[in-house]
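# Secondary and tertiary structure notes
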Amino acid sequence: MSNKSAAKRIQIVSLKMVRESTILYEVRKISSPKDAAGLGQRFLEEADREQVIVCCLDNKNVPINLNVVSMGTLNTSLIHPREVFKTAIMSNAASIVLFHNHPSGDPEPSQEDISITKRIADAGTLMGIELLDHIIIGLEGRYLSLKEHGHLKK
């Protein structure tokens, strides 16, 4: 019996981000949770199910791009740090802001919201991409910043 194993073919790949569209956003630089919330509200305030969006920022907190990480159901959306940071890594982002909505209109965070925020922040620390904030979008202009509520390091 021979110890030689059959050769394996290895794929050579390249990655490419595709710009789907653009938007004009009046606030050039994200300086506060209110600035960030305005951007998140444009996409999530009227959504009929939970969605998670990541906004990648450069080293001056200027938004580079937005990516829908997850489309969920009426009251839940599955996310994993791997999916959150995929776009950030490809964009050479210095930091990110995470948004998700509560279709009920109440932006109060669940224990799961707080838990995943800490997990994403820890993963970002390892990769050198800071999670600046996780903002929950409610209805009628309501939002909640997990950073302002002490769930992220300031």
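All figures in this text were calculated on a predicted structure; none of them were measured in a lab.

Rules behind the numbers
Residues numbered from 1 in each chain as written. Predicted model: local features only at pLDDT ≥ 70, side-chain atom pairs only at ≥ 80, totals over all residues. Heavy atoms only, no water. Core = buried A, V, L, I, M, F, W, Y, C linked by side-chain atoms within 4.5 Å. Buried < 20%, exposed > 50% of the residue type's maximum accessible area, 1.4 Å probe, protein only. Helix = DSSP H or I, 4+ residues; strand = E, 2+ residues; numbered from the N terminus. Contact = heavy atoms within 4.5 Å. Axes fitted to C-alpha atoms, helices over the stretch in contact; angles between N-to-C directions. Parallel < 35°, antiparallel > 145°, perpendicular 65-115°, else oblique. Left-handed = near helix turned anticlockwise from the far one by under 90°. Nonpolar A, V, L, I, M, F, W, Y, C, P; charged D, E, K, R; others polar. Pairing = 2+ DSSP bridges. Arc of directions from axis to C-beta. Salt bridge = Lys/Arg side-chain N within 4 Å of Asp/Glu carboxyl O.

## What about the nonpolar core?
Core analysis: the largest hydrophobic core is formed by 18 residues, its most contacted members being V84, F85, I96, L98 and I120. Per-element accounting of this core gives the leading share, four residues, to helix α3 (residues 111-127). Among all residues touching L98, those that are not within four sequence positions of it are V52, I53, V54, I79, V84, I120, L131, D133, H134 and I135. Counting residues in hydrophobic clusters, the runner-up holds 14 residues, among them L39, L44, V97 and F99.

## Considerations on the packing of helix α2 (residues 81-90) against α3
One can describe the packing of α2 onto α3 by two numbers: an axis separation of 10 Å at closest approach and a directional angle of 40°. What the angle tells us is that α2 and α3 run oblique. Crossing angle aside, the handedness with which α2 passes α3 is right-handed. In this structure, α2 uses P81, V84, F85 and I89 to contact α3, whose residues at the interface are I116, R119, I120, A123, G124 and M127. Residue composition of the contact of α2 with α3, by class: eight nonpolar, one polar and one charged.

## Here's the deal with the sheet that holds strand β3 (residues 95-101)
Neighbouring strands of a sheet are bound in pairs by backbone hydrogen bonds; such pairs are parallel or else antiparallel. With mixed pairing, the five strands of this open sheet are ordered in space as β2-β1-β3-β4-β5. What marks the edges here is a single partner per strand, and that holds for β2 (63-71) and β5 (143-145). Direction aside, neighbouring strands of the sheet carry axes that sit 20° apart on average.

## Considering α2
Among all positions in α2, only P81, V84, F85, T87 and A88 are buried. Burial along α2 is one-sided: seen end-on, the buried residues are contained in an arc of 150°. The inward-facing, buried residues of α2 abut β1 (51-57), β2, β3 and α3. A positive backbone phi angle near 55° is found at N92, which sits one or two residues after α2.

## Some details on the pattern of salt bridges
As enumerated under the stated definition, the model contains four salt bridges in all. Of the charged contacts, one joins K86 and E83 as a salt bridge, the two residues approaching to 3.2 Å between their closest N and O atoms. Of the two residues, K86 and E83 are both situated in helix α2; the distance of three residues between them amounts to about one turn of the helix. Two residues, D106 and R142, come together in a salt bridge whose shortest N-O distance is 3.6 Å. A residue pair is termed long-range when its members are at least 10 positions apart, and D106 in the loop between β3 and α3 and R142 in the loop between β4 (130-137) and β5 qualify at 36 residues. Of the residues examined, D106 reaches a relative accessible area of 38% and is grouped as partly exposed. Judged by its relative accessible area of 42%, R142 is partly exposed. One network of salt bridges, with partners in common, ties together R82, E83 and K86.

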